[in-house]
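Descriptive analysis of the structure
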Amino acid sequence: MDRSSNGQESAGATRPSALGWPAEVLRGIAQVDFMPSALCGLFFTAALFAAGWRYGLYGLLGSAVATGTAYALGLDREAVRQGLHGYNGCLVAVGAAVFLGADRPATVLAAVAGSVVSVIVTAALGAVLTAWHLSALTAPFCLVASAMTAGAPAFRRLWHDAPGLAALPVPATGATGATEPSWEQLWHGFFADIGQIFFMPQWYVGLLFLAGLVAADRWAGLMACAGSATALLTAWALGSPADSVGRGLLGYSGVLVAMALSGVFVARSVWSVAYALVGAATATALTPALTALAAPFGGHAFTWPFVLTTLAFLAAVPAVPRLCRV
C-alpha cells in the first residue's frame, strides 16, 4: 500500500518480464484504491467491464501505457512492480472515456497522451513531496484530467458536446434538491460511492469494486464501507440533493480518505479510525465547494477533495501523539 516512492531512477528498472507485465498492469488498476494486488485488479477490471466494455479497455490501456512509460523513463523498478505508476494513468484514461466519449479515436489519443504525462507529473510531485513524507496520491490524475476537460472545448476533434462554459451550480432547492433520499437511493449510494472513484454510478459496479477490496484486504474493505456510510450521513445531514446522494457524487472522496487515514498511511487503531471518519466527512463537505470552483470553466472536482483532505490530515499526524504513520 506504500505510495512513498518518488519515482527516482533505479538500476533495476530495465524492462518488464513477460510473466510480470500483466500483473503489474492489474496492480496499477488496483492501486487506485491503494491495493498492490493483481487479484484486486482483476475484480476492478471486471467492475469496469460490467459498467461497459469500453471502460474496461480504457482502464487497462491507461495502466498499461503508464506502466510502460515508467519503464521507458527508468523509474524505480519496485514502484513500477507494485503498480504505483499505473493508477493515475488508469484514472486519466477512464476519465477521458467518460467525459470525452469512449467511442471516438481522439479520446483514445487523449487517454494515451494523458497517461504518459501522468507518470511524469507523478515523478515530479513525488520528488517535491518526499521531503514531507507525503505521497502524490491521485493529484497527477487530477491535474491532467482537469486540464484535459477544461481545455477540450477548444479542440473540435476532441470536444463533441455543445460549446460554452458550464453553468454555475444552483442551490440545493426545488424538486430534486429538497427531497430526502429514499431507502433505495441510500443503499444505491452506499455502493455508488465506491464505484464513483472510477466515475461509475451503478450500484452493482460499486459492489464489485468492494468485493475486490475485501479480497485483497478485509480492513481496507471495512474502511471503504465506513467511509461510504460516513459520507452518506454527512450528505444527508447537510441536505444534499437526493439524486446526487444516490449516484455517489458526494461520497467517493470520503471512501478514499477513510482508507488512506486508517491502514494505508496511518497505523490501524481506534484513534485512526475516528480520525479517518472525520476526514471522510470533511472530504464529503468539501466536494460541492470544489465542484462549484471548477464548474465555471467546464472542469470537474475529480478526486481533489480526497487529495486535499488527505494531505492536510497526514501533515497533521506528527503533531497528534495518538496517531502513528505507517
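As a starting point, this report considers the structure included with it. These figures come from a predicted structure and were not determined experimentally.

Thresholds, definitions, all that
- Residues numbered from 1 in each chain as written.
- Predicted model: local features only at pLDDT ≥ 70, side-chain atom pairs only at ≥ 80, totals over all residues.
- Heavy atoms only, no water.
- Helix = DSSP H or I, 4+ residues; strand = E, 2+ residues; numbered from the N terminus.
- Expected span 1.5 Å × (residues − 1).
- Bend = angle between axes of the 7 residues up to and from the residue.
- Buried < 20%, exposed > 50% of the residue type's maximum accessible area, 1.4 Å probe, protein only.
- Contact = heavy atoms within 4.5 Å.
- Patch = residues over 30% accessible without salt bridge, like charges linked within 9 Å, V, L, I, M, F, W, Y side chains within 5 Å.
- Areas by Shrake-Rupley, 256 points an atom, 1.4 Å probe, with all protein chains shown as cover.
- Salt bridge = Lys/Arg side-chain N within 4 Å of Asp/Glu carboxyl O.

Looking at helix α14 (residues 270–294)
- Over its 25 residues, α14 runs 36 Å from end to end, which matches the ideal 36 Å to within 8%, given 1.5 Å per residue.
- At Leu286, α14 shows its maximal bend, which comes to roughly 30°, and the proline Pro288 appears one to four places after that position.
- Every buried residue belonging to α14 is among Ser272, Tyr275, Ala276, Gly279, Ala280, Ala283, Thr284, Thr287, Leu290 and Ala294, and all of these are buried.
- The inward-facing, buried residues of α14 abut α11 (218–237), α13 (252–264) and α15 (304–316).

Concerning a nonpolar patch on the surface
- A contiguous nonpolar patch, built from Phe49, Trp53 and Leu57 and spanning about 310 Å² of accessible area, is present on the exposed surface.
- By the element assignment, Phe49 lies in helix α2 (residues 38–51).

Some points on the pattern of salt bridges
- All chains considered together, the criterion is met by four salt bridges.
- A salt bridge links Arg81 to Glu78; the shortest N-O distance between them is 3.0 Å. One end of the pair, Arg81, and the other, Glu78, are both in helix α4 (residues 77–81), three residues apart, so they sit about a helical turn from each other.
- Residue Arg81 is classed as partly exposed on the basis of its relative accessible area of 29%.
- Its relative accessible area of 40% is what places Glu78 among the partly exposed residues.
- When the shortest N-O distance is used, the salt bridge between Asp243 and Arg247 registers 3.2 Å.

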